[in-house]
Amino acid sequence: LAAALRARGVEALFAHQHRAWSLACDGRHVVVATPTASGKSLCFNLPVAQRLVDEPGARALYLFPTRALARDQEHALASLLRAAGIAAPVATYDGDTPADTRKAIRERASVVITNPDMLHAGVLPHHASWARFFASLRYVVVDELHAYTGVFGSHVANVLRRLARVARFHGASPVFLCASATVGNPEQHARRLVGAPVDAVTTSGAPAGERHLAIFNPPAINPELGIRPSYLKTAVRVASDLVRAEVPVMVFGQSRGAVETMLRYLRERLGPEDVPEDALVAYRGGYLPQTRRRIEEGLRAGDVRCVIATSALELGVDVGDLDAVVCAGYPGTLAATWQRFGRAG
């Protein structure tokens, strides 16, 4: 496992990764709340991988709020385990999973990646079919903790309590590993979600690049009436300049309609400049799974120069080296705003 990390350029763990590792290996529930791109994935992937080495029959359950994030983490964890020579199948179990593969995942997967809705409706009501999995469940990973607030958060908290109860019924007592980049009260929030005391790791040991933040209010075209130019067209203008300067950029829109509108404007603006249409893409819920996978892979490979997205890409999907983010409009919460800014840098 150490050799696999060194091959990826990880010579030593950051302080917060080591602290999370120590707590998890001691069987303590943990919440890691450090900035975006600070290596939180290793905080939960390493304890899980180590447990699979020590106990080959162990199982782990990962919960992510979006399918894009689930597929992204499946790729990252599976490649780490392969590089370390750990024979532990990793599989995503969600609405995109074909019916004929679900039985194989239930019986053979060491790590199952899903979302709270699928856990609630597709797993827990059928826990007898998952008896082998639950009996060996050692870790439950809950990422992007800040997404579980309000009424939805209270529903997820009850689902997690059901999960713990089902695991106890099958003779297991899993450790919860939680993570979020943007939550003001991580320990309290995690404790209320998990229903048990949680140790918080909040001091990051990771280096961070310098960021420049600009807030632009388009000048009024009719001061008497307070009318300003379209913020969508303004965002597209800024994004066009960044694409011309060969700066990888992500543009966030407030709705699916806004995303499609901005994509049309951007292609019209850059089409005459020989920028291929495939380099300018939209990303939102409702796309077919293979379309979403293709866009995610294009982002990582650098083939996509600008992606215009809804909140579907707001969470910690590894989208390669993004240098700039344009937010067209305010998403409604500070947490969501910092998540969007955090995609760059």
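In case you missed it, the structure is sitting above this.
First things first, this report covers the structure right here in the doc.

Rules and cut-offs
Residues numbered from 1 in each chain as written. Predicted model: local features only at pLDDT ≥ 70, side-chain atom pairs only at ≥ 80, totals over all residues. Heavy atoms only, no water. Phe/Tyr/Trp six-rings, centres within 6.5 Å; stacked < 30°, edge-to-face > 60°. Buried < 20%, exposed > 50% of the residue type's maximum accessible area, 1.4 Å probe, protein only. Lys NZ or Arg CZ within 6 Å of the ring centre and 35° of its normal. Pairing = 2+ DSSP bridges. Helix = DSSP H or I, 4+ residues; strand = E, 2+ residues; numbered from the N terminus. Axes fitted to C-alpha atoms, helices over the stretch in contact; angles between N-to-C directions. Contact = heavy atoms within 4.5 Å. Salt bridge = Lys/Arg side-chain N within 4 Å of Asp/Glu carboxyl O.

1. Quick look at the packing of aromatic side chains
A full pass over the atoms with the stated rule returns 7 aromatic pairs. Seen in terms of ring centroids, Tyr 62 and Phe 64 are 6.1 Å apart; in terms of plane orientation they differ by 40°. Their pairing is tilted. Using a relative accessible area of 1% as the deciding quantity, one classes Tyr 62 as buried. What makes Phe 64 buried here is its relative accessible area of 0%. A cation over a ring is seen here: Arg 102 above Tyr 93, with NZ or CZ 5.5 Å from the ring centre.

2. Quick look at the sheet that holds strand β9 (residues 280-283)
Backbone-to-backbone hydrogen bonds join strands into a sheet, with any given pair of strands oriented parallel or antiparallel. With parallel pairing, 4 strands are arranged side by side in an open sheet as β9-β10-β8-β11. The open sheet has two edge strands with one neighbour each: β9 and β11 (324-327). For this sheet, the mean inter-axis angle between neighbouring strands, taken without regard to orientation, is 20°. Bridging between strand β8 (residues 249-252) and strand β10 (residues 306-309) involves 4 bridges; their strand directions are parallel. When the sheet's bridge partners are listed, Val 249 is paired in β10 with Cys 306. The strands touched by helix α11 (residues 256-270) within the sheet are β8, β9 and β10, with β9 carrying the most contacts at an inclination of about 180°.

3. Overview of the pattern of salt bridges
Opposite charge on two side chains makes pairing possible when the charged atoms of those side chains draw close. As enumerated under the stated definition, the model contains 9 salt bridges in all. The salt bridge partner of Arg 51 is Glu 55, with a shortest N-O separation of 3.0 Å. In this structure, the salt-bridge partner of Glu 74 is Arg 71, at a minimum N-O distance of 4.0 Å. Of this pair, Glu 74 and Arg 71 are both found in helix α4 (residues 67-83), 3 residues apart, which corresponds to roughly one turn of the helix. Several salt bridges converge on common partners, so that one network encompasses Arg 51, Glu 55 and Arg 138.

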